[in-house]
Amino acid sequence: DGGFDAYAIQQKWQARWAESDPFRAGDDSDTRPRKYVLGMFPYPSGDLHMGHAENYAYVDVVARFWRHRGYNVLNPIGWDSFGLPAENAAIQRGAEPRGWTYANIEQHKKSFRQYGSSYDWSRILHTSDPEYYRWNQWLFQRLYERDLAYRKDSPVNWCPNDQTVLANEQVVDGHCERCGAEVIKKKLTQWYFKITQYADRLLDDLNQLEGFWPSKVIRMQRNWIGRSVGADIEFEIEGREGRVTVFSTRPDTLHGATFFVVAPDSDLAAELVTGADSDIRMRFQDYLEQVQRETDIERQSTDRPKTGVFLGRYAINPVNGERLPIWAADYVLADYGHGAVMAVPAHDQRDLDFARAFDLPVRVVVDTTAPITGAIPVIELDDQGVPIDPGADDASLDSLNPAVTGIALTGEGRMINSGSLNGLSKRNAIARITDELLAAGTGRAAKSYRLRDWLISRQRFWGTPIPMIHTEDGRIVPVPEDQLPLTLPDVQGLDLTPKGTSPLGGATEWMQTVDPETGEPALRDPDTMDTFVDSSWYFLRFFAPNDPTEAFSSREANKWAPVDSYIGGVEHAILHLLYARFITKVLFDMGLIEFTEPFSSLINQGMVLLGGSKMSKSKGNLVEFASSMVDPGADVVRTAIAFAGPVEDDINWEDVSTTGAHKFLSRAWRVASDVTSAPEVVWAEGDQSLRRVTHRLLADAPGLVEQTKFNVVIARLMELVNATRKVIDSGAGPADPAVREAAEVTAMVLDLFAPHMAEEMWEILGYEPFVGLVPWRQADPMLLVEDSVTSVVQIDGKVRSTLTVPARIDAAALEELARNDEKVLRSLDGKEIVRAIVRAPKVVSFSTR
Ligand code: ANZ
């Protein structure tokens, strides 16, 4: 097919772009409205591959589109260049992280230039530059001041392979998000960010993203935050001072509690067994060791047999004084709610399984054979005014007895065996018992969240040093502002191999500092920050990535942000997106920005697969980015990927036709080369049907791009190129003004996908560069009218009017037009239409009798 040399065109236009820098965002003097388009920034852990090709192709489609639509577009690129992947890769190669990372970044930059991405190259950032991470340290200290950064000693997720702690969000199904190793628990003192303080806002503000973010991501964030609504209930424990609190979503079932369970790994369990007899203590110790080897997933799994140990102690039910035996069991987690539960086996499956395993009593307190649908309770009273227990001795309950069937009654019903709650629906019973507990001082309405605080310390080298000092007398104080950035020590002489403690601890000289208050010797914090701290605010740094005076300018942030289109993989659905939302809200509370959500709209592209699995170096199924820039070339790769299917679907690289894309681009190029008319021709004199195809594309493409239906836009471009070819090869031929018009529009729209080819066509057509900056042509409404037909309107069998309507009109629209037609209204003269028969598009027949 040949004809054009993809690589030569690519080189030519990249040189021109590098020279003129046409895609730099406009400054304050630019009066166009702004759009901030951002692709999730890459890790420089290795070379780019086709997954990146897909992501950054879509980013460029959106950025170029808004430029054509008359916006001042900010489309920057940076590198998430700290972190485990770079550090591990460097260790494997016997290299040091810095050199390895920056060499990769250089390779990436070259590749992105070759890809024709329309970045503002004046705004590069790398998170591993001291100029950047200095502001992570600033952020850390601001959070510390606001009591949002704190240290605590608690069981943490530990990756035995990477030898570092992980945040909850980095544990996927019990495994390390990075390396896949099974995560274990370890008790450590670590730094946390108090994201739980923002749980309600993080949840509630998802509502405003509805329709702008993929619903799957919104759902995943909701589940991750996991708000449960219920009550905290306080229990006394025999022989112990003070009360113990449990969280329950079903306080209405309090009368059905028959035992009490504490997490074996909770402080409470440890306290309760001291003083128990030695037999219990021994059994508890054995059990605790067993539980500590289990993952949270195993502990919560419903199909494992229930295990536990009786602690020989009793809790007292605050509503009826009953003694509830206290057990330690693994299905209760130490770090959810309060690490203890009131067990209601009749109405909770986990409790029922446990009760059946250990022969504990089961008491039904909700009669689920008497469902209540309305909100208003039906309370039957006896003649003393006492509520009648509606199901107390109902024989039908036997067949529903959970102790017999093994199935907990979790449905709606009416309260029984529950004193003052009897007869109430679940909802009313919850309200009533919560009031009663509050009045008695033994409970209150409460919420519980699945979300945990964000553990941000890491025992690795390649990250931001935590800007805190540990004094000899045990205080922890911030590194003084004028000593920031606290830069990483020289890697020479440091052992980076993961060994469970931070390599920085081995930088003896670096570790030594002084207490800023007393001048006494003190030590630095040897840990580094989770790199998700770096990415939680990077989108604000692009306004002035080299500014040494502040993290970002509030004024610039309020002008550009939030990001209008954020584009990246769904693997960040929780991690990065949740952290960025959190930090944005903190910065809002600090008065630094005027918005509370970082990304107004989110596009998640699917994955590029090879042989059915995700491309990765370790699987050896990588199609390399760099070599594909030479053959088949950037335009072909971009077009083939965008045409491969809907953005959000996975793409099989085997199904991506680069030859098809190459053929299509050749045809487009030949159309432009064949044009013989001058730029001044009068388009209106051109072939009408070709002009219709051109203008329909102009009218439809913006909506299609906004709905991310990029593949449809390419299909429509193909249709236009074919229609143009037909006119060239017949009738008026290449001189027809409609051919020139079509070729020009093809170049402008093709710029979204194949920008080098588009520039080349634009030049062939006799214009100055750059087509990438050409305003979108307006569609001519006259050319959008579809083929029309004449429709007849009859009233009581007589033709009263004729209408000119689109050939594809539907019955309802046609009837509507007929009813409002002036001639029809005149003929009706106030008479009512009693029947209408519509045969679109030809006939409408009204009867008035
Ligand atoms: C009594 C009860 C009766 C409960 C009933 C449920 C049904 P979600 O929805 O996940 O928030 N629970 C509380 N803390 C726990 C912990 N640390 N580990 C394991 N389970 C715990 O679940 C809240 C329910 O999970 C709470 O409500 C409690 O059991 C249990 F018919 O209390 B419920």
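Residues numbered from 1 in each chain as written. Predicted model: local features only at pLDDT ≥ 70, side-chain atom pairs only at ≥ 80, totals over all residues. Heavy atoms only, no water.

Concerning the overall build of the chain
If you tally the helices and strands in the chain, you get 26 helices and 34 strands. Dimensions of the chain, computed from C-alpha atoms along their principal axes, come out at roughly 105 × 95 × 50 Å. Expressed as a percentage of its 849 residues, the buried residues of the chain come to 54%. Here the contacts in the chain between residues at least 6 apart in sequence split such that 74% fall between residues at least 24 apart. For the chain, the exposed area adds up to about 35800 Å²; of that, 50% sits on carbon and sulfur atoms. Each charge class in the chain was averaged separately, 89 positive and 122 negative side chains, and the resulting centres sit 5 Å apart. (Helix = DSSP H or I, 4+ residues; strand = E, 2+ residues; numbered from the N terminus. Buried < 20%, exposed > 50% of the residue type's maximum accessible area, 1.4 Å probe, protein only. Contact = heavy atoms within 4.5 Å. Areas by Shrake-Rupley, 256 points an atom, 1.4 Å probe, with all protein chains shown as cover. Lys, Arg positive; Asp, Glu negative; His and termini not counted. Charge placed at Lys NZ, Arg CZ, Asp CG, Glu CD.)

Thoughts on the confidence of the model for the chain
Model confidence for the chain is summarised by a mean pLDDT of 92, while 96% of its residues fall at 70 or above. In this model, residues 374-379 is a region of pLDDT below 50 whose contacts with residues beyond four sequence positions or in other chains number twelve contacts. Across residues 390-395 the pLDDT falls below 50, and counting only partners more than four positions away or on other chains, this stretch makes nine contacts in the model. Among the scores for the predicted complex, ipTM is 0.96 and pTM is 0.87. (pLDDT = per-residue confidence, 0-100.)

Here's the deal with helix 22 (residues 710-728)
In this model, helix 22 (19 residues) spans 27 Å end to end at C-alpha, consistent with the 27 Å of a helix rising 1.5 Å per residue. Every buried residue belonging to helix 22 is among Phe710, Asn711, Val713, Ile714, Arg716, Leu717, Leu720, Val721, Thr724, Arg725, Val727 and Ile728, and all of these are buried. The inward-facing, buried residues of helix 22 abut helix 2 (50-68), helix 19 (625-643), helix 20 (658-674), helix 21 (688-706) and helix 23 (737-750). (Expected span 1.5 Å × (residues − 1).)

As for the sheet that holds strand 31 (residues 788-795)
Strand order in the open sheet formed by four strands is 32-31-34-33, with mixed pairing between adjacent strands. The sheet is open, and its two edges are formed by strand 32 (798-806) and strand 33 (835-839), each paired on a single side. Geometrically, the sheet is characterised by an average inter-axis angle of 15° between neighbouring strands, direction not taken into account. Here strand 31 runs beside strand 32; their pairing, made up of eight bridges, is antiparallel. Paired with Val792 across the two strands is Thr802, which belongs to strand 32. (Pairing = 2+ DSSP bridges. Axes fitted to C-alpha atoms, helices over the stretch in contact; angles between N-to-C directions.)

Observations regarding helix 7 (residues 215-225)
Those residues of helix 7 lying buried are Val217, Ile218, Gln221, Trp224 and Ile225. With its buried residues spanning 130° around the axis, helix 7 presents them on a single face. Looking at the buried positions of helix 7, the neighbouring elements they touch are helix 6 (199-204), strand 10 (227-237), strand 18 (443-449), helix 18 (575-589) and strand 27 (602-605). Once helix 7 finishes, Gly226 follows within two positions and takes phi at roughly 55°, a positive value. (Arc of directions from axis to C-beta.)

Some points on the site of the ligand
Around the ligand, a shell composed of 17 residues is seen, among which Ser228, Ser248, Leu333, Tyr336 and His347 lie nearest. Between an oxygen atom of the ligand and a side-chain N or O atom of Ser248, the distance comes to 2.7 Å. Here the ligand, which alone exposes 650 Å², has 85% of that area covered by the protein. Each residue belonging to the shell around the ligand can be placed in one class, and the counts come to eight nonpolar, six polar and three charged. (Near = heavy atom within 4 Å. Polar contact = N/O pair within 3.5 Å; in protein donor to acceptor, adjacent residues only side chain to side chain. Nonpolar A, V, L, I, M, F, W, Y, C, P; charged D, E, K, R; others polar.)

Things to note about the pairing of strand 11 (residues 243-248)
Where strand 10 and strand 11 come together, six bridges link them in antiparallel fashion. The partner of Phe235 across the bridge, within strand 11, is Val244. In textbook terms, the turn of a hairpin is the stretch between consecutive antiparallel strands, and for strand 10 and strand 11 this stretch comprises five residues, one of which, Gly239, has a positive phi near 75°.

A few points about the pattern of salt bridges
Evaluated as defined, the whole model comprises 53 salt bridges. The shortest N-O distance in the salt bridge between Arg142 and Glu481 comes to 3.8 Å. Pair noted here: Arg142 is in helix 5 (residues 130-145) and Glu481 is in the loop between strand 22 (476-478) and helix 15 (508-511), with a separation of 339 residues, a long-range link. Here Arg243 makes a salt bridge to Glu236, at a shortest N to O gap of 3.7 Å. Since its relative accessible area comes to 43%, Glu236 is described here as partly exposed. (Salt bridge = Lys/Arg side-chain N within 4 Å of Asp/Glu carboxyl O.)

Topic: unusual backbone geometry
Pro562 follows Ala561 through a cis peptide bond whose omega is 0°. Following the sequence through the fold, Pro562 ends up in the loop between helix 17 (554-560) and strand 26 (565-569). Cis rather than trans, the peptide bond between Pro769 and Phe770 has omega equal to 10°. Within the secondary structure, Phe770 sits in the loop between helix 24 (755-764) and strand 31. Positive phi is not limited to glycine here, since Asn417 has a value of about 50°. Along the polypeptide, Asn417 turns up in the loop between strand 17 (414-415) and helix 14 (426-440).

A short note on the sheet that holds strand 26
Reading across the sheet, the four strands line up as 2-1-26-27 and stay open at both edges, with parallel pairing between neighbours. With one partner strand each, in any of the chains shown, strand 2 (72-74) and strand 27 form the two edges of the open sheet. In this sheet, neighbouring strand axes are inclined to one another by 20° on average, regardless of whether the strands run parallel or antiparallel. Looking at chain direction, strand 26 and strand 27 are connected through four bridges and run parallel. If you follow Tyr566 over to strand 27, its bridge partner there is Leu602. In this fold helix 2 packs onto strand 1 (34-39), strand 2, strand 26 and strand 27, with an angle of close to 170° to the strand it touches most, strand 26.

A look at the nonpolar core
Core analysis: the largest hydrophobic core is formed by 90 residues, its most contacted members being Met50, Tyr115, Ile641, Phe710, Leu750, Phe753 and Met757. Top element by residues in this core is helix 2. It accounts for eleven residues. The contacts of Phe753, once residues within four sequence positions are left out, are Val61, Asp635, Arg638, Thr639, Ala642, Phe710, Val713, Ile714 and Leu717. Core analysis: the next-biggest nonpolar cluster, separate from the first, contains 67 residues, Trp224, Phe552, Leu578 and Ala580 among them. (Core = buried A, V, L, I, M, F, W, Y, C linked by side-chain atoms within 4.5 Å.)

As for the side chain of Asp534
Following the sequence through the fold, Asp534 ends up in helix 16 (residues 531-535). For the buried Asp534, which has no salt bridge, the nearest side chain bearing the opposite charge is Arg458, at an N-O separation of 10 Å. Of the polar contacts made by the side chain of Asp534, one reaches the side chain of Asn136; its length is 3.1 Å. Among all residues touching Asp534, those that are not within four sequence positions of it are Asp80, Phe82, Thr127, Tyr132, Asn136 and Thr464.

Structural notes on the packing of helix 19 against helix 22
Remark: helix 19 packs on helix 22, axes separated minimally by 7 Å, with the N-to-C direction vectors making an angle of 110°. It follows that helix 19 is roughly perpendicular to helix 22 by the angle criterion. Packed against helix 19, whose contacting residues are Thr639, Ala642 and Phe643, the element helix 22 presents Phe710, Asn711, Ile714, Ala715 and Met718 at the interface. (Parallel < 35°, antiparallel > 145°, perpendicular 65-115°, else oblique.)

A few points about the pairing of strand 9 (residues 184-193)
Here ten bridges tie strand 5 (residues 149-159) to strand 9, and the two strands are oriented antiparallel to one another. Considered in strand 9, the bridge of Val156 is made with Lys186. For strand 9 and strand 19 (residues 454-455), the ladder comprises two bridges, and the chain directions are antiparallel. Within strand 19, the residue paired with Tyr192 across the bridge is Leu455.

What to know about the packing of aromatic side chains
Here the structure, examined in full by the defined rule, presents 41 aromatic pairs. Measuring from centroid to centroid gives 6.3 Å for Phe461 and Trp462, while their planes differ by 20°, and the two rings are stacked. Judged by its relative accessible area of 1%, Phe461 is buried. Counting every residue linked through ring pairs, the aromatic cluster contains Phe140, Tyr144, Trp191, Phe193, Tyr198, Trp454, Phe532, Tyr579 and Phe582. Over the ring of Trp13 we find Arg16, and its NZ or CZ is 4.8 Å from the ring centre. Stacked on the ring of Trp510, the Lys or Arg Arg524 has its end atom at 5.6 Å from the ring centre. (Phe/Tyr/Trp six-rings, centres within 6.5 Å; stacked < 30°, edge-to-face > 60°. Lys NZ or Arg CZ within 6 Å of the ring centre and 35° of its normal.)

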